[in-house]
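# Structural overview for review
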Amino acid sequence: TILGAIAIYILGGRITFPFSRGLVGSIMWLLRGGIRIELYFLVSLILITSLVFLNQFVFRETKKSLELQLILLLLSSSLLYICKFDYWNPLNFIPYIFSSLIIYEFSKNGMFLASIKKTRTISISFSILFILLSIVEWLWLYDPKAQFLLPPYSRISLVIGSSLILYLSLKIKYKPPGFLLLISSYSLGIYCIHFNFIYPVNYFNRLWNNLWPSLPAKLENSLTFLTILLLSIFFVFLLRRIKILKGLT
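This section reports on the structure supplied with the text. (Residues numbered from 1 in each chain as written. Predicted model: local features only at pLDDT ≥ 70, side-chain atom pairs only at ≥ 80, totals over all residues. Heavy atoms only, no water.)

### What about the pattern of salt bridges?
Considering all chains together, one arrives at one salt bridge under this definition. The shortest N-O distance in the salt bridge between Arg155 and Glu137 comes to 3.5 Å. Here Arg155, found in the loop between helix H6 (116–141) and helix H7 (156–169), pairs with Glu137, found in helix H6; they are 18 residues apart in sequence, far enough to count as distant. A single burial state applies to Arg155 and to Glu137, both of which are buried. (Salt bridge = Lys/Arg side-chain N within 4 Å of Asp/Glu carboxyl O. Helix = DSSP H or I, 4+ residues; strand = E, 2+ residues; numbered from the N terminus. Buried < 20%, exposed > 50% of the residue type's maximum accessible area, 1.4 Å probe, protein only.)

### Structural notes on the side chain of Ser44
Tracing the backbone through its elements, the reader meets Ser44 in helix H3 (residues 39–61). Setting aside its immediate chain neighbours within four residues, Ser44 contacts Pro90 and Phe93. (Contact = heavy atoms within 4.5 Å.)

### Quick look at H7
A rise of 1.5 Å per residue sets the reference length of H7, with its 14 residues, at 20 Å; its end C-alpha atoms lie 20 Å apart and thus fit the reference within 8%. Three or more residues of H7 are buried, namely Ile156, Ser157, Val159, Ile160, Gly161, Ser163, Leu164 and Tyr167. Here the buried face of H7 lies against helix H4 (65–82), helix H5 (95–108) and H6. (Expected span 1.5 Å × (residues − 1).)

### A short note on a nonpolar patch on the surface
Residues Ile124, Ile128, Phe130, Ile131, Leu132, Ile135, Trp138, Leu139, Tyr142 and Leu149 make up a contiguous nonpolar surface patch of about 970 Å² in total accessible area. Locating Tyr142 in the fold gives a position in the loop between H6 and H7. The class for Tyr142 is partly exposed, based on a relative accessible area of 36%. (Patch = residues over 30% accessible without salt bridge, like charges linked within 9 Å, V, L, I, M, F, W, Y side chains within 5 Å. Areas by Shrake-Rupley, 256 points an atom, 1.4 Å probe, with all protein chains shown as cover.)

### Let's talk about the nonpolar core
Counting 22 residues, the largest nonpolar core has Ile48, Leu73, Tyr81, Phe98, Phe126, Leu133 and Ile156 as its most contacted members. Counting residues per element, the ones that place at least two in this core are H3, H4, H5, H6 and H7. The leading source of residues in this core is H7, at five residues. In contact with Leu133, other than residues within four places in its own chain, are Tyr81, Ile156, Ser157 and Ile160. With 10 residues, the next largest nonpolar core counts Tyr186, Ile190, Phe197 and Ile233 among its residues. (Core = buried A, V, L, I, M, F, W, Y, C linked by side-chain atoms within 4.5 Å.)

### Considering the environment of Phe204
Along the chain, Phe204 falls in helix H9 (residues 187–211). For the pair Phe204 and Thr224, spaced 20 residues apart in the sequence, the C-alpha separation amounts to 9.7 Å.

### Structural notes on helix H10 (residues 217–240)
Given a rise of 1.5 Å per residue, 24 residues ought to cover 34 Å, and the 35 Å separating the end C-alpha atoms of H10 matches this to within 8%. Of the positions making up H10, those classed as buried are Glu220, Thr224, Ile228, Leu229, Ser232, Ile233, Val236 and Leu239.

### Topic: the packing of aromatic side chains
Counted according to the given criterion, the structure contains nine aromatic pairs. Geometrically, the ring pair formed by Trp138 and Tyr142 is tilted, given 4.7 Å between the ring centres and 45° between the ring planes. Linked through ring pairs, Phe41, Phe93, Tyr96, Tyr153 and Tyr191 together constitute an aromatic cluster. (Phe/Tyr/Trp six-rings, centres within 6.5 Å; stacked < 30°, edge-to-face > 60°.)

In C-alpha cells:
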C-alpha cells in the first residue's frame, strides 16, 4: 500500500498522504487500504488471520470454550452497530471468527448431523432471524445521503446470513467442480490483481464499441467480467511460477 502510493506520487498522481495528521491518521489510512480501498479487505484479512490464531489457542486451552466463543460473538457483533459510522472498519469481520468456529464445532460434534426435519427447522430459524434483522437495519440504518444506502459490512444480519450459508454448506458431501476449486485456490490473487485489469479492459471495450456499437449492455458487461477474471487467473498462474511468490498468491 505504501509503495503503491509513493509510486503514484512519483508518476505525478494526486495523493494526499495522511502522515501530517499524526500516528492515528496514518494507521487509519493503512487500515483502509490507503489509495486502493479494495486493499482494505487484505488488511482486514491479515488482522482476522492473526486473531483466528489467537482464538484457536484460547479455544484449545479453555474448558468453557464454546460459551466464551458465544460471548465474544455477541460482543463483536454489537460493535458492528456501534462502529457503523466507519464503513471501512477492520472490526466488521471479527464476528465471523466466532460464528464460524461455533458452527464448525457443533457440526463436528454431531449436533447438526440431525434429521431432515431438524435441518429444515434450523435453516428456517436462521432465515427468519436474517429477514427480521434486515428489516430492522433498513429502518434504522438507511441513509439516502450516504455513499451506501446501508452500511455494506457493519450489519449483524450479514453475520446471520453467512452463518446460514456455512451451515448449509456443511451439509454438502460431494466435491465441487474443478473450476470452482481453481477459483477458490486463486481467490486471494484474483482479488488483489483484478483491479489492475479494469481500466485496460474498459479501454478496449470502447474500441470494440466503435466496431460493434449495437452490442447489448448486458453482454458487454458479462464479457468485461469474464475477460478480467481470465486475465487475473492467468496472471496469478504466472506469479505462482515464481518460487518466492508461490505461497503469497
